[in-house]
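# A closer look at the structure
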Amino acid sequence: MPNLRMKTRLGSETELAETAVEAFKSGLRGALLRPGDNDYDSARAVWNGMVDKRPGLIARCAGVADVICAAAFARDHDLLVSVRAGGHNIAGKSVCDGGLMIDLSRMRGVHVDPVGSTARVEGGATLGDLDHETQAFGLATTAGVVTHTGVAGLTLGGGIGRIGRKYGLACDNLLSVDVVTADARFVKASAAENADLFWGLRGGGGNFGIATSLEYRLHPVGPVVLGGVLIHSLEKAREALEFYYQFSSAAPDELAADAVLLTSPDLGPVLAISVCYIGSLGEGERILQPLRRFGPPLSDQIGPIAYTELQATGDMFFPIGLDYYWKTHFMKEISREAIDAIVSHFATVPSPRSLVILQQYGGAVSRVGQSATAFSQRDAQYDFIPTSIWSDLAESERHIAWVRSLWELMKPFSTGGVYVNNLGDEGQEHVGAAYGPNYERLVALKNKYDPVNFFRLNANIKPSHAGV
Ligand SMILES: Cc1cc2nc3c(=O)[nH]c(=O)nc-3n(C[C@H](O)[C@H](O)[C@H](O)COP(=O)(O)OP(=O)(O)OC[C@H]3O[C@@H](n4cnc5c(N)ncnc54)[C@H](O)[C@@H]3O)c2cc1C
């Protein structure tokens, strides 16, 4: 075989001798894939169908030893590196052109300790894997709303979901993380060990190392909770959103309520209010009554439901492989003017699959100090996420433009903060907006743990040294 041409960390080209690649391959328990190999195309495909990147090599890691081996190989040859878990980053940051993709998506083990109420989760597990294992014991920790999202990517950036208002972000529930650093060292991070790194891993994304496993605190949840959706017509969406805002902002921590404008195949454009109550069913019925009475809604699909089933209800809106584009703003309030902008703009939506999402925060998330973890957006009450979803790449421009124009319209109603996990290729100014006052501390941590910016394909915290 001829030598392999690869991209370096700083973007130039390099040639790897075949003997070096073969030695790397034989040092792995998992597969090493290159263009032309059978599984290469499926391994480089991620959730967003718009992403079409071609790594020079893909290391499909089978365990920690493979991750160390892959990091060492990339360091020794100064290769461009991406790290993949669930493959959900909107801009496909977990895949790279010409570099080494360190793929953890085969490392999906979840070990629950039901006595200690903890779970140790491998770095490539999905939220579905996590919920499946923990719910066998009537336990859960905060996860997002789509089952094929990666636990690691979600947690390292924060991690909001249906039980976050009661139990905090996913990163707030971390007890420890096993990490492979930029110099291919294995370290543990917890409150007691490498506490500075542990702070940075709770919101700082993939900037500091590869999480090979993450340990969580678990809580009693379900297994049956009260949840489902209420549907209102678009004509009633303004009043219903005003009521939703008043109701959700006064809700107890046990309740999370998200609002979504969507196009129903049967009913056309509608407002859906999706709820999850994790206290007693009787109390939930009482608390939800005013929301269920308001309108009244066109349809009320709230009832007792298995927590794992509720956690899977979002999957149908986000199938793997369609084309996606979104932008986000954090909001503290949802004013009448903001509602007007959202509903009017939704009337012009160019794709029946596209959505406008308001995901609720607050509760326990807001009671953690702004500098207690790298995630700093503790005052956010809602994440506003206009999302275009389509399937014909030739039409991308108008779907992207629709999201951008609504995002611009909503700027006056934003806190100015953004959720790092929902960032794509927006650029450095937005990374700064995501970290706010914690940014300088994160730069200092980056200087210590990754001064050459080995982990650069992420919402990048740039080290201070010039030229890296
Ligand atoms: C359909 C959908 C629904 C979502 N819903 C929610 C939600 O409800 N709540 C929420 O908080 N977020 C949500 N998100 C955002 C989600 O948290 C981010 O996209 C997150 O980055 C996904 O992680 P991943 O592992 O799937 O992604 P990947 O694309 O695999 O990884 C994203 C980045 O995370 C880093 N990374 C991943 N794995 C590791 C690892 N093991 N070690 C070190 N770094 C790693 C890398 O920098 C990588 O580029 C959603 C995203 C999608 C697409």
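Counting of residues starts from 1 at the beginning of each chain's written sequence and follows it residue by residue. Under the rules for a predicted model, residues below a pLDDT of 70 receive no local features and side-chain atom pairs below 80 are neither given nor counted, while totals for whole chains, interfaces and linings still include all residues. Note that the side-chain values use all heavy atoms of the structure and ignore hydrogens as well as water.

### Let's talk about the overall build of the protein chain
As a reminder of what qualifies: Strands here are runs of E lasting at least two residues and helices are runs of H or I lasting at least four, both read from the DSSP assignment and numbered beginning at the N terminus. Between the two quantities, the radius of gyration covers C-alpha atoms and the globule rule is 2.2 Å times the number of residues to the power 0.38. Any two residues whose heavy atoms approach within 4.5 Å at even a single point are treated as in contact.
If you tally the helices and strands in the protein chain, you get 14 helices and 22 strands. Its C-alpha atoms give the protein chain a radius of gyration of 22 Å, within 12% of the compact-globule value 23 Å for 468 residues. On the principal axes, the C-alpha backbone points of the protein chain span a range of 70 × 55 × 40 Å. Partitioning the intrachain contacts of the protein chain with sequence separation of at least 6 by distance along the chain shows that 71% fall at a separation of at least 24.

### A look at the sheet that holds strand 7 (residues 110–113)
Which entries qualify depends on this criterion: Should DSSP find at least two bridges between two strands, the strands are regarded as paired. Angles run from 0 to 180 degrees between N-to-C directions of axes, and those axes are lines fitted to C-alpha atoms, restricted for helices to the stretch in contact.
If you trace the 5 strands from one edge of the open sheet to the other, you get 7-8-12-10-11, paired in antiparallel fashion. In this open sheet, the two edge strands, each paired with only one partner strand, are strand 7 and strand 11 (186–190). Shown here is a sheet whose adjacent strand axes are inclined to one another by a mean of 15°, direction ignored. In this sheet, strand 8 (residues 118–122) lies alongside strand 7 in antiparallel orientation, the contact comprising 4 bridges. Looking at the pairing, Val-110 lines up with Val-121 of strand 8. Sheet strands in contact with helix 4 (residues 127–135) are strand 7 and strand 8, and its direction is about 30° off that of strand 7.

### Looking at unusual backbone geometry
So the rule is basically this: Buried, partly exposed and exposed residues are distinguished by accessible area as a fraction of the type maximum, computed with a 1.4 Å probe on protein chains only: under 20%, between the cut-offs, and over 50%, respectively.
Of the consecutive residues Gly-222 and Pro-223, the connecting peptide bond is found in the cis state with omega at 5°. Between Gly-295 and Pro-296 the backbone carries a cis peptide bond, its omega angle lying at -5°. For Ser-117, which is not glycine, the phi dihedral falls at a positive 55°. Position of Ser-117 relative to the elements: it lies in the loop between strand 7 and strand 8. Overall, Ser-117 belongs to the partly exposed group, its relative accessible area being 21%. Positive phi, normally seen in glycine, also occurs at Asn-194, with a value near 45°. With respect to the helices and strands, the residue Asn-194 is situated in the loop between strand 11 and helix 7 (195–201). Asn-194 gets classed as partly exposed once you look at its relative accessible area, which sits at 32%.

### Some points on the sheet that holds strand 5 (residues 81–84)
Adjacent strands of a sheet pair through backbone hydrogen bonds, lying either parallel or antiparallel. Spatial strand order, 3-4-6-5: 4 strands in an open sheet with mixed pairing. Both outer strands of the open sheet, strand 3 (32–33) and strand 5, are each paired with one neighbouring strand and no more. For strand 4 (residues 57–60) and strand 6 (residues 100–103), the ladder comprises 4 bridges, and the chain directions are parallel. Paired with Leu-57 across the bridge in strand 6 is Leu-100. Packing of helix 3 (residues 64–76) onto the sheet brings it into contact with strand 4, strand 5 and strand 6, and relative to strand 6 it is tilted by some 165°.

### Description of the packing of aromatic side chains
Which entries qualify depends on this criterion: Note on ring pairs: Phe, Tyr and Trp rings are taken, using the six-membered ring of Trp, and paired if centres are within 6.5 Å. Classes follow the plane angle, with under 30 degrees stacked, over 60 edge-to-face and the rest tilted. Two conditions define a charge sitting above a ring: the NZ of Lys or the CZ of Arg must be within 6 Å of the ring centre, and it must be within 35 degrees of the ring normal.
Applying the stated criterion across every chain yields a total of 14 aromatic pairs. Judged by centre distance (6.1 Å) and plane angle (40°), the rings of Phe-330 and Tyr-419 are tilted. Residue Phe-330 is found in strand 20 (residues 329–331), and its partner Tyr-419 is found in the loop between helix 12 (396–409) and helix 13 (428–435); the two are separated by 89 residues along the sequence. When sorted by exposure, Phe-330 lands in the same class as Tyr-419, which is buried. Cluster of aromatic residues (ring-pair linked, three or more members): Trp-47, Phe-318, Tyr-324 and Trp-326. Just above the ring of Trp-407 sits the side chain of Lys-327; from NZ or CZ to the centre is 4.3 Å. Of note, Arg-441 hangs over the ring of Trp-199, and the distance from its end group to the ring centre comes to 3.8 Å.

By themselves these figures say nothing about function.
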